[in-house]
Amino acid sequence: MVRWYAGMVVALVGAAAGFARGAEPTAEGVEFFEKKIRPVMVERCYECHSATAKKLKGKFKLDTKEDLEKGGDSGVVIVSGDAEKSLLIKAVRYKDEDLQMPPKQKLSDGQVKDFEQWVKMGAAYPAAEKKAAAKSPEEQLAEARKFWSFVPPKAQVTPVVHGGWAKTDVDRFVQAKLEERGLTCGPMADRRTLIRRATFDLTGLPPRIEDVESFLADPSPNAFEKVVDRLLASPQYGERWGRYWLDVSRYADSKGYVFEEERRYPYSYTYRDWVVRAFNEDLPYDQFLIQQIAADQLPLGEDKRPLAAMGFLTLGRRFLNQQPDIIDDRIDVVARGTMGLTVACARCHDHKFDPIPTADYYSLYGIFASSVEPADPPSLGGAAVNPQQTAAYEKELKEEEAEVEKFKQKRFGELVAGTRSAKQIESSLLASLETSGGTKEQFRDAATKHSVSRGMVERWHNYIKKTASAHDPVWAPWHALRGIESKEVAAKGSSAIAKLAEDKSKPINPLVLAALNEKPIASMQDAAGRYAKVIAGFDKKEKLADANEEQLRQVLYGELTPTNVSLAEADSLFQRDDQSKIRELRKKVDALTVTHPGAPAKAMVLNDAPTPVNPTIFVRGNAGNPGAAVPRQFLAILSPGKREPFKKGSGRLELAQAIASKSNPLTARVMVNRIWLEHFGFGLVRTPSDFGTRGIAPTHPELLDYLAIRFVEDGWSIKKMHRLIMLSAVYQQSSEDRPSGRAIDMENTLLWRMNRRRLDFEGTRDSLLFASGQLDMTIGGRAVDLPASNRRTLYGFIDRQNLPALWRAFDFASPDTHSPQRYVTTVPQQALYLMNSPFAMEQARHLMMRKEIAEAGEAEKKVGAIYRVLYSREASAEEIAMGVEFVNYEKQKGPAIPARGALTPWEKYAQVLLAGNEFVFVD
């Protein structure tokens, strides 16, 4: 019989040593607790041992550090640092029949080990936050700026370490942390492993056998340095590292769901190609950011290519063209992508954890609300690749655009005439009654209800509003009627008009008065109908001699009247069916731009609006509920001096400069952490896009600061940062696992070895093509359909709404939103793809056609040639024997079922090696 509660109370009497009271928990211990222990407590323990428990068992709570120290009725439960003497550990192990926790079901073995490790580490439990006295906003900001990521990076004293393992300062920071935990650094990787690691890291492709042999034969002490420099100079470097940034910038070639318009972006590829070129040219990172946010504001001269950088802002989801959502997406990608701050969490309320008030969110909102996408994006210049194709494109474009204009002009004439009809005037007047707030939502709803265009409702709303400011002979009766409650218009309307007419100092147009006095006014709809009838009776283009008639004619033909619409304003008249037809015609224009080889390259930019928006806070994120006004300015937490509103247009350039400033404590840290992440598999900060209070603290804070300062001192050079990291001993370590390291640091956060990593989707596909000799190395250009192309995966068309299942199976980053890093999963589809897909089989065939393999001669030499091509090494005698045996067996067996396209025995063997761990993993 399990007697947990009673047994626990009795057994706790024997706990003598107790919990280490008052000990400050380490950052590592707190992280372990929050990640591994607290979730289990919440799920399995709090039901009976928390302040919210229906019935507290044994008077023992786990809510706070103090509760844990206090224990239950009979004493404490944990001996800090000693799992064997801690009764809590004894209970979760289920070894004692009278002491088992939780009583209903034992924790998993992994969870029990986590609790044991937690106690051994000191049983860290973060103290509950104490409520402090109210502080002023300035005091709160000053306090918030003490958080590690808001403190500017500090120059670090290089640690003194023991032994000769460390090559660089980077190594000394890592080794010092290892020595603190009693760990040692790993042995160096062999040269073949090292060049393969570096080549994949910098180019995303395997090394060529000749490059491996050259490196192995180079006796110079700087042999690896030469390898790194060669790879950094390779055009494939920009393709590999550009892809990492495209994850950050949520790049895709389509808009997502947009209903009827063309889903594909016509010029998305120009941004992708700009990113690749920027990495290859080692564009300083501060300029890299500024160009992506505000290239249109820079003095570019003749070279307009940097304008393409602004795809960073404009290539996100289109959210059915809902502007608040588009702007929110832009704020998110800028804030998380460049500074590791979750500013978008402050859209509806002050950030729950970080010092980012809603006001700061809407300061940034105003910047992007003051930026518009031009109807005709600017050309990037350069000579036409094919003048004949360009001429053909321009001819077809004019024809398609002419069809759009032809329809618009025809419908414009019909619609303008319709706006002057009695029916349209009546509907517009009734709609204007329902738009007192003048919001877009009101205009839209009223237009739908009364079957008029939203633009016409808005025009009538503004017109009627203007006539209310002074006595107007035509509209004074209308305003008098509007002042009466709708349910009382029938009873009071006619008398109100009669009273108004008695004032001879304010004459009323007699034609309007006669129409309203024809019989008692029944309702506002009745009044609108009479107004419409009398106004529509003077649909005449020529000026009338009678002054009263001319007043009514001016309602339809006056300079500022609702129905005086120019062709440039035609869009405001088009209703749903018209808009659908225009979208259908425009879609053909856009499709031509997307697909025609002669279409010029253009930049998807933003420009400042003629008049900047003065933003207001949207209460609870509701655009229809504006609150207090805020200036366009930078975040308060990152503005330690006197914060000034932005003054240059929208403020985008000033925003970009504030982000890319060397005084910004976040920008350099965030980027060097991203670089470290892609070299080691995880960052020094494990939450690469959240450097706020809910993010994980850096494992090596001194090293992070050292790298950030070096980054800025080296001119924000990304390539120099690669060299600094890759020439260190910590990067050049073996990935060999060691039980001694795993026992203390299971997740290798202290870097006692290199991490083995599986190739991502791009690396896997590109390597298969590279190995088979089929990879098309063409750089740049429009996106291609990958199943039909052998170009690098980088150039495959990314459909935001319908990302192929294959891409998802291999953990490709979701293009719907900013992606800090890719998840790594292991699912059957990955192995099945390498085993069964026509693509993998085709690469096995082509691999066997490579000259060095096809002409290798006897079977043993052929196996050796395959190993050199795929694994950049010689095959062992055992591997050669196994390969020959496999091929001979397949030859003897023969095809079980003759199938079109079936692989030969050698091709099957090639496919086996292509699917091998040595091919798809990097040590």
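Residues numbered from 1 in each chain as written. Predicted model: local features only at pLDDT ≥ 70, side-chain atom pairs only at ≥ 80, totals over all residues. Heavy atoms only, no water.

(A) Representation of the overall build of the protein chain. Secondary structure summary: the protein chain contains 40 helices and six strands in total. In terms of overall dimensions, the protein chain has a C-alpha envelope of 110 × 85 × 60 Å along the principal axes. Contacts in the protein chain between residues at least 24 apart in sequence constitute 67% of all its contacts with a sequence separation of at least 6. Here the protein chain has roughly 43,400 Å² of accessible surface; of this, 53% comes from carbon and sulfur atoms. For the protein chain, the separation between the mean place of its 129 positive charges and that of its 123 negative charges on side chains is 2 Å. (Helix = DSSP H or I, 4+ residues; strand = E, 2+ residues; numbered from the N terminus. Contact = heavy atoms within 4.5 Å. Areas by Shrake-Rupley, 256 points an atom, 1.4 Å probe, with all protein chains shown as cover. Lys, Arg positive; Asp, Glu negative; His and termini not counted. Charge placed at Lys NZ, Arg CZ, Asp CG, Glu CD.)

(B) View of helix α16 (residues 358-369). Over its 12 residues, α16 extends 16 Å from the first C-alpha to the last, a length consistent with the 16 Å expected when each residue adds 1.5 Å. Counting buried positions over the 12 residues of α16 gives 10, a clear majority of the element. Among the residues of α16, those classed as buried are Thr358, Asp360, Tyr361, Tyr362, Ser363, Leu364, Tyr365, Gly366, Ile367 and Phe368. The secondary structure elements touched by the buried residues of α16 are α14 (311-314), α15 (323-339), β1 (371-372), β3 (616-618) and α27 (652-659). (Expected span 1.5 Å × (residues − 1). Buried < 20%, exposed > 50% of the residue type's maximum accessible area, 1.4 Å probe, protein only.)

(C) Fine view of the packing of aromatic side chains. Going through the model one piece at a time under the given rule, you end up with 39 aromatic pairs. Here Phe173 and Tyr706 contribute two aromatic rings whose centre-to-centre distance is 5.3 Å and whose plane-to-plane angle is 40°, an arrangement assigned as tilted. You can see Phe173 sitting in helix α7 (residues 169-180) and its partner Tyr706 sitting in helix α29 (residues 701-713), a full 533 residues away along the chain. Within the aromatic cluster, the residues linked to one another by ring pairs are Tyr237, Trp245, Tyr251, Tyr271, Trp274, Phe279, Tyr285, Phe288, Phe312, Phe711 and Trp716. A cation sits over an aromatic face here: Arg197 above Tyr731, 5.7 Å from the ring centre. (Phe/Tyr/Trp six-rings, centres within 6.5 Å; stacked < 30°, edge-to-face > 60°. Lys NZ or Arg CZ within 6 Å of the ring centre and 35° of its normal.)

(D) Region of interest: the environment of Gly340. Mapped onto the elements, Gly340 comes out in the loop between α15 and α16. Judged by its relative accessible area of 0%, Gly340 falls in the buried class. The contacts of Gly340, once residues within four sequence positions are left out, are Ala335, Val670, Ser689, Asp690, Phe691 and Gly692.

(E) Up close: the packing of helix α38 (residues 877-893) against helix α39 (residues 905-914). Following both chains from N to C, one finds α38 and α39 inclined at 135°, their axes separated by 8 Å at the closest point. One element, α38, and the other, α39, form an angle in the oblique class. In the packing of α38 onto α39, the handedness of the crossing is right-handed. Here Glu879, Gly883, Phe886, Val887, Glu890 and Lys891 of α38 lie close against α39, whose contacting residues are Pro905, Trp906, Lys908, Tyr909 and Val912. Of the residues that constitute the contact of α38 with α39, the class distribution is six nonpolar, one polar and four charged. (Axes fitted to C-alpha atoms, helices over the stretch in contact; angles between N-to-C directions. Parallel < 35°, antiparallel > 145°, perpendicular 65-115°, else oblique. Left-handed = near helix turned anticlockwise from the far one by under 90°. Nonpolar A, V, L, I, M, F, W, Y, C, P; charged D, E, K, R; others polar.)

(F) Representation of helix α26 (residues 576-595). Between its terminal C-alpha atoms α26 stretches 28 Å, which fits the 28 Å expected from 20 residues at 1.5 Å a residue. Looking at the buried positions of α26, the neighbouring elements they touch are α17 (387-419).

(G) Expanded view of a nonpolar patch on the surface. A cluster of nonpolar side chains, contributed by Tyr257, Phe259 and Leu320, occupies part of the molecular surface with about 340 Å² of accessible area. With relative accessibility at 43%, the residue Leu320 sits in the partly exposed group. (Patch = residues over 30% accessible without salt bridge, like charges linked within 9 Å, V, L, I, M, F, W, Y side chains within 5 Å. Salt bridge = Lys/Arg side-chain N within 4 Å of Asp/Glu carboxyl O.)

(H) The arrangement of the side chain of Thr203 in detail. You can see Thr203 is positioned in helix α8 (residues 191-203). At 2.6 Å, the side chain of Thr203 and the backbone oxygen of Thr199 are in polar contact. Look past the residues within four positions of Thr203 in its chain and what remains in contact with it is Leu231, Ser234, Gln236, Tyr237, Arg240 and Arg792. (Polar contact = N/O pair within 3.5 Å; in protein donor to acceptor, adjacent residues only side chain to side chain.)

(I) Just the nonpolar core, in detail. Ranked by internal contacts, the top residues of the largest apolar core, which has 161 residues, are Trp245, Trp676, Leu707 and Leu870. If we skip the residues at most four places from it in the chain, Trp676 touches Val170, Gly681, Phe682, Gly683, Leu684, Leu703, Leu707, Ile725, Val730 and Leu751. Judged by nonpolar contacts, the second largest core, of 48 residues, contains Val416, Val489, Phe538 and Val565. (Core = buried A, V, L, I, M, F, W, Y, C linked by side-chain atoms within 4.5 Å.)

(J) Just unusual backbone geometry, in detail. In this structure, Phe319 takes a positive phi of about 45° despite not being glycine. As for its position among the elements, Phe319 is in the loop between α14 and α15. At Ser872, a residue that is not glycine, the phi angle is positive and equals roughly 55°. Within the secondary structure, Ser872 sits in the loop between α37 (859-871) and α38. When its relative accessible area of 4% is taken as the criterion, Ser872 is described as buried.

(K) Representation of the pattern of salt bridges. Throughout the structure, instances matching the rule amount to 62 salt bridges. Arg240 is the salt-bridge partner of Asp760, the closest N and O atoms lying 3.1 Å from each other. Taken together, the positions of Asp760 in the loop between β5 (757-758) and α32 (761-772) and Arg240 in helix α11 (residues 235-248) put the pair 520 residues apart, joining distant regions of the chain. Taking the shortest distance from any N to any O, the salt bridge between Glu918 and Arg873 comes out at 2.6 Å.

(L) The packing of α29 against helix α30 (residues 718-726), seen in detail. For the pair α29 and α30, interaxial distance at closest approach is 9 Å and the crossing angle is 140°. When the axes of α29 and α30 are compared, the pair comes out oblique. Pair α29 / α30 crosses with right-handed handedness. In this structure, α29 uses Tyr706, Leu707, Arg710 and Phe711 to contact α30, whose residues at the interface are Ile718, Met721 and Leu724. When the residues that make up the contact of α29 with α30 are grouped by side-chain class, the tally is six nonpolar, no polar and one charged.

(M) View of the environment of Ile290. Here Ile290 is to be found in helix α13 (residues 285-294). The sequence separation of Ile290 and Glu654 amounts to 364 residues, and the corresponding C-alpha distance is 9.3 Å. Contacts of Ile290, omitting those with residues within four sequence positions, involve Ala295, Leu298, Leu653, Ala656, Gln657 and Ala660.

(N) Up close: the side chain of Thr749. Along the chain, the position of Thr749 falls in the loop between α31 (739-744) and β5. On the basis of relative accessible area, Thr749 is assigned to the buried category, the value being 13%. A distance of 3.0 Å separates the side chain of Thr749 from the side chain of Asp745, its partner in a polar contact. Residues in contact with Thr749, not counting those within four places in the same chain, are Phe682, Arg686, Thr699 and His700.

(O) Spatial organisation of the state of the cysteines. As enumerated under the stated definition, the model contains zero disulfides in all. Between Cys345, a cysteine without a disulfide, and Cys348, which holds the nearest cysteine sulfur, the sulfur-to-sulfur distance is 10.0 Å. Given the relative accessible area of 39%, Cys348 is considered partly exposed. (Disulfide = S-S within 2.5 Å.)

(P) Structural detail: the environment of Glu261. Mapping Glu261 onto the fold places it in the loop between α11 and α12 (268-280). A distance of 2.7 Å separates the side chain of Glu261 from the side chain of Asn321, its partner in a polar contact.

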